[in-house]
Amino acid sequence: MEEHSGPKDTRGTAGALDLYKALAESGTWESLEALRRENRELESLVNDVSGLLGLSGIPEMMEFVISRFLDRFIPVFLAFLIEPPRGGRVRQYCYRSLHPADEEVPIRYYRALKRLFLEDSRSRTFEEARQALGDSAFDRDFLSYEPELILPMRGIGGLYGIILLGRKIAGAEYTLPERMYVDRLSRFLSVAIQNGLHHESSITDPKTGLFNHDYFMRRAEDELARSARHGSRAGMILADVDHFKRFNDRYGHLAGDEVLQVLSRVMKAATRSEDTVARFGGEEFSVLIVECDEAHLAEVAERIRAAVEGMRVPYKGEVLSVTVSLGARLLDARERRGARDLLDDADRALYASKAAGRNRVTIYRPGLLGRASMRRLPGGAAGGSAAAPAGP
């Protein structure tokens, strides 16, 4: 039996069309679409900020931001100019087409822009900055960056950095959503970087930039724990500048500070990035060498000794030099001793080097074998290496 449906009710469809027409004519529909787009942008920003705030190292933060920009646009030039909380040289992270670039923005531009942002902290286009500072403030070298947006980096204590964004490679101007995204993300980046800088300050020595003693001991304990889990071995080195009081009495403490800073760079260059170089205190330094045996530990210690012996530091018309004595000790979790006890052993080896004439390396070996063993390594006329006896 065939059923026949009655006439279709078109009132609902007509009503919906009338409502859509009314919303479109009033502009409400367009406003709703704009709100949806903004919600999507905010959701994307929240996800990006969550990822950013989970990072602790500044280089990792830079890489993260670069990856986020890459999803949206590619500027011809990008620079992060960051002023450390302890002062000193402004750090620069520069990029060409979002690839790391070996160049630096002249510091005079950072200072000029910093003064501008101290007066008014809002982000600016380059044209706005040029109008405020005058055409003479920017020479051809700055214009080569093809600057378009300049953003301040603010944190607790005020302004500490600037972000410089060149024009997009595509040639079009930055859209309003892109500018809003960059501005918002830069604010969170500023907080994240400042947290990273203050954490860095808490674990480093202000004079040399090396890690401090507390951080070194934490790393040594961590390495002992790793050794217990995986059976790996590490080594510890103590180095002390020979006759440093006599050096300071002759040349002055400022000369001594200069030598310590150069020596710190030399020690870092003589070790791997995964090793830990710290200022133990005064003119004494400590080094944690990961994944090593005794032969490698002795090799690194001797490399440090020779590098310091060959170091020359120009200072007020003179060329200064120093030597160091070193004591080294393998870290072995099987001995069931703490990092401080092992550091005491390295200290005994260091004093053995001092007693044997300085400018040499001594390796500490526990047990009777250590008492009986004496081993020389290639070195200078006064340098070399020996095994220190266990115990005082």
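A brief report on the enclosed structure follows. (Residues numbered from 1 in each chain as written. Predicted model: local features only at pLDDT ≥ 70, side-chain atom pairs only at ≥ 80, totals over all residues. Heavy atoms only, no water.)

1. Some details on empty space enclosed by the protein
Any space left empty among the atoms is revealed by the rolling of a water-sized probe across them.
Then, number 1: One pass over the structure, following the stated rule, counts 1 cavity of 30 Å³ or more.
Then, number 2: Space inside the largest cavity adds up to approximately 50 Å³.
Then, number 3: Taken together, Val65, Phe69, Phe80, Leu151, Ile163, Val182, Leu185, Ser186 and Leu189 make up the full set of residues lining the largest cavity.
Then, number 4: Elements supplying a minimum of two residues to the lining of the largest cavity: α3 (58–70) and α7 (176–203).
Then, number 5: Split into classes, the residues belonging to the lining of the largest cavity amount to 8 nonpolar, 1 polar and no charged. (1 Å grid on protein atoms, 1.4 Å probe; cavity = no way out; pocket = protein on both sides within 12 Å on 5 of 7 lines; lining within 4 Å. Points joined across faces, edges and corners; volume = space filled by probe spheres on them. Helix = DSSP H or I, 4+ residues; strand = E, 2+ residues; numbered from the N terminus. Nonpolar A, V, L, I, M, F, W, Y, C, P; charged D, E, K, R; others polar.)

2. What about the pairing of strand β12 (residues 324–331)?
Then, number 1: Burial analysis of β12 places 8 of its 8 residues in the buried class, which makes it a mostly covered element.
Then, number 2: Side chains Val324, Leu326, Ala328 and Leu330 project from β12 onto one buried face, and the interleaved Ser325, Gly327, Arg329 and Leu331 project onto a second face that is buried too.
Then, number 3: By the bridge criterion, 8 bridges tie strand β7 (residues 234–241) to β12 in an arrangement that is antiparallel. Within β12, the position partnered with valine 241 by the bridge is valine 324.
Then, number 4: With 4 bridges joining them, β12 and strand β13 (residues 361–364) adopt parallel strand pairing. Opposite alanine 328, over in β13, you have isoleucine 363 as the bridge partner. (Buried < 20%, exposed > 50% of the residue type's maximum accessible area, 1.4 Å probe, protein only. Pairing = 2+ DSSP bridges.)

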